[in-house]
Amino acid sequence: MQEFDKKFVNPVGKSVPRIDGKGLVTGQTKFAYDVQLPGMLVGKMIRSPHPHARIIKIDTTKAEALPGVKAVITAKDTGEIKFGSNEFFFPHLVDQMPLESQKVRYIGDEIGALAAIDEETAEKALKLIDVEYEILPGVFDMLEAMKPGAPQIHENVRNNINVILPVNIGNPDRLIKESDYVREDVFYCQSAAHTCMETHTCIGQYENFSNKITLWISHQAPFKVREAMAKCFKMDLNDVRVIKLATGGGFGGKLEMLPMDFASCVLSKKAGGFPVKIAYTREEEFTCSRRKHNMIYKLKSGVKKDGTLMGMTGEVIADGGAYCSYGPTLLASTIMRIFMTYQIKHLRITGYRVYTNTPISGAIRGFGGVQSGFAVESHMDLLAQGIGMDPAEFRLKNITTPNMVAANKMVISSNGLKECIETSMNASDWKNKRGKQSHLHRGIGMGIAGDVMGSKMYKAHESSGGIVKVEEDCSIYFFTGASDTGQGSNTALSQIVAQELGVSYSRMKCISADTAITPFDTGSFASRVTFIAGNGALLAARDAKEQILKIVAQDLHLDIKDLDIQAEEVIMLSTKKNIMSFEKAVKLCYSFNYGHQILGRGSFNPQTSPVDFRTGEGNVSASYSFESQIAEVEVNTKDGKITVLKLWDSHDVGKAINPSSVESQIEGSLAMGLGYVFSEDLKFENGRCANANFEGYRIPRSVDIPPMETLLIETIDPQGPYGAKGMGEAALLPTAAAIANAVEDAVGIRLKELPFTPDKVLKALKEKYGEDINL
């Protein structure tokens, strides 16, 4: 029998070691780039050097003749089938092919691929590809792209507007007229990159004997990739196997099938079945994967003198780059988050996602919430300021509450937002600091946020399955389709299984995200894994436990309803008496008389409703998480530098399955938020990325991170596994606004354009105070 560690009994709520921790710290964990297969070839993508051009002819003969080149492919080697990430609800918006055949729309657009025996040969072959283009005029600014007569990037798309999303609830114009104070603001949010430590990497292999493909990949959503691959290859789902290996960061950037994934398998087929590895360079990662949507966010709101938020109107314009990606759901997410946090009954905001000849904008951590968080939470502070009200009190007056239905039909159950605000205020000494430190050029600011636990905006269902296999020696395998991309979900899910099964966490092994052997899961995004996959895990463990208890009850002639497994013992609930050990119970199941294999199955699909994209109504998540964030800053009025002295983040997590992992996720989000606030800015010049490396694109270093205090609020969600909610993204959403609000408290200037660079600070100081900017 397997030995177990008693200290890991009842693991939910404990900071147990990561289930994959030893492999990571010893370097034995295998990432996609580490994969070495017999005969493996090196693949490279053939890319457009032009932002907008028509493809006249592609001549690959010189490259094919180069010794060591095993395969070259272009669109003619494919079915020329378009794929897209929002295809279920928006089939008419599917606009990208794995390899473009007629036209290229951004610098880096994929028109072919090749495979060679080594990197050097592959690079030489790329230079031998001869492509004849008809250069077309490009458009690189989203406002310019919307003008009549602008270059048309996609056929039959008027004014390059990819998506229009009108959210219209109530009668905001009338309510704004009835308000005591009305103001309008415009905010500007830059583009940014994911900057994962591990670049996109895949290994594709076509099996000639079976006509099946296998793809080893660094990814967040292997089942999504399988679906897109099957479509483009015209294969059944079970002819495509996608194996997600350990992933060195995703943050939304590894959430779609990319042309490289498809190309690696086509190259393998053409090369006689040899596996082909394609790994992005860092420059390709910046320019040819996905990026954050830069946005212009316009808001107009009215309030009463007592702080009541009356109505809001606005407009959001998002730069989508060359293709649709997650365009519709991104707009929905960025506009409708306000209903999670504020009781606003009258709102009209229209969103526009616009094509430009720049790299494709897609999902990134926060998924539109970072942009809306900056705009909405800055705007709320300014509304409070306009009526002379403390911004924290203004929020407390208008926030959502537990067990309510928002105006757009979001159903909110557990809600710790009030507790989050009050806890963060107390921890930061808000009342003694707010408005009282300007003589030191110090200030304190707040931002709040809400987030989803999954989002039914991609498929008809959002289910997640789990399988629990109890071996004869009492070791336990848990199979899940959920993708651990570094956030520790394999650990949290294993804790849930061990807790429900009544055993020590030390018995657990987890196998995840292999489409051939694990149950389906939509993917690791929208903070959904703990809530949705966690419920699937809980139900699978419950099923396994019931199978064990059924045998025990049958053998001892007991009522199964009076039995449970707790702390490694089978107990009688009515008397609290121990009947037998877990090990003895398992031995009984596998005994001569029964021979019953313990295979527990569970599947969970949250009860939600899809969004009506004509109105913005719908309940996309079965539950919502909430948080309050406070920043304290000091502004140097001589050089314009903002120093964050401390961040406080009070977070409604439902129940912390693994407190240490929860705190790490929050701190990681805060660090990412700081980069977005101060330095990260993906720049383009005529469609070409101008800072596609870490010299020009600066991310925070450890020395740049201020002290952080995480405050966990446990509201015990009625639908979450043991009350847990997801929380991987929300802490990122209000950081920019909290800092902007703190800066105004410190020196009286309002920053409305990200990132907050010293030159922008000095400019704002000069505009407000003239030449005497040293105050």
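Residues numbered from 1 in each chain as written. Predicted model: local features only at pLDDT ≥ 70, side-chain atom pairs only at ≥ 80, totals over all residues. Heavy atoms only, no water.

### With respect to the sheet that holds strand 20 (residues 476-480)
Now for step 1: Pairing in this open sheet of four strands is mixed, and the strands run 21-20-19-25 from one edge to the other. One side of each edge strand has no neighbouring strand; the edge strands of this open sheet are strand 21 (508-512) and strand 25 (598-604). On average, each strand axis in the sheet is tilted by 20° relative to the strand beside it, whichever way the strands run.
Now for step 2: Alignment of strand 19 (residues 464-470) against strand 20, held across five bridges, turns out to be antiparallel. Bridge pairing links Val-468 to Phe-478 in strand 20. (Pairing = 2+ DSSP bridges. Helix = DSSP H or I, 4+ residues; strand = E, 2+ residues; numbered from the N terminus. Axes fitted to C-alpha atoms, helices over the stretch in contact; angles between N-to-C directions.)

### Here's the deal with the domain arrangement of the protein
Now for step 1: Domain annotation of the protein identifies domain 1 (32-136 + 199-247 + 254-287), domain 2 (359-372 + 383-454 + 612-769) and domain 3 (463-604).
Now for step 2: The distance between the C-alpha centroids of domain 2 and domain 3 comes to 38 Å.
Now for step 3: Across the contact, 20 residues belong to domain 2 and 17 residues belong to domain 3.
Now for step 4: When domain 2 packs against domain 3, close to 1400 Å² is buried across both sides, 62% of that on carbon and sulfur atoms.
Now for step 5: On the domain 2 side of the contact with domain 3, Ile-657, Pro-721 and Tyr-722 bury the most area, a combined 40% of that side's loss.
Now for step 6: Taken together, the connections running from domain 2 to domain 3 amount to zero salt bridges. (Domains from an automatic or database assignment. Contact = heavy atoms within 4.5 Å. Buried area = accessible area lost by both parts, 1.4 Å probe. Salt bridge = Lys/Arg side-chain N within 4 Å of Asp/Glu carboxyl O.)

### Some points on the sheet that holds strand 2 (residues 53-59)
Now for step 1: Strand order across the open sheet formed by three strands is 4-2-6, with antiparallel pairing between neighbours. Of all the strands in the sheet, the pair left with one neighbour each is strand 4 (103-104) and strand 6 (130-135).
Now for step 2: Where strand 2 lies against strand 6, six bridges are found, and the strand directions are antiparallel. Bridging across to strand 6, Asp-59 finds its partner in Asp-130.

### Let's talk about the side chain of Thr-522
Now for step 1: Here Thr-522 lies in the loop between strand 21 and helix 16 (529-556).
Now for step 2: Leave out the neighbours within four places in its chain, and Thr-522 touches Ala-221, Lys-224, Glu-462, Ser-463 and Arg-528.

### Concerning the packing of helix 12 (residues 391-398) against helix 13 (residues 417-428)
Now for step 1: One can describe the packing of helix 12 onto helix 13 by two numbers: an axis separation of 10 Å at closest approach and a directional angle of 165°. Taken together, helix 12 and helix 13 sit at an angle that is classed as roughly antiparallel. Crossing handedness for the pair helix 12 and helix 13: left-handed. In this structure, helix 12 uses Ala-392, Glu-393, Arg-395 and Leu-396 to contact helix 13, whose residues at the interface are Lys-418, Ile-421, Glu-422 and Met-425. (Parallel < 35°, antiparallel > 145°, perpendicular 65-115°, else oblique. Left-handed = near helix turned anticlockwise from the far one by under 90°.)

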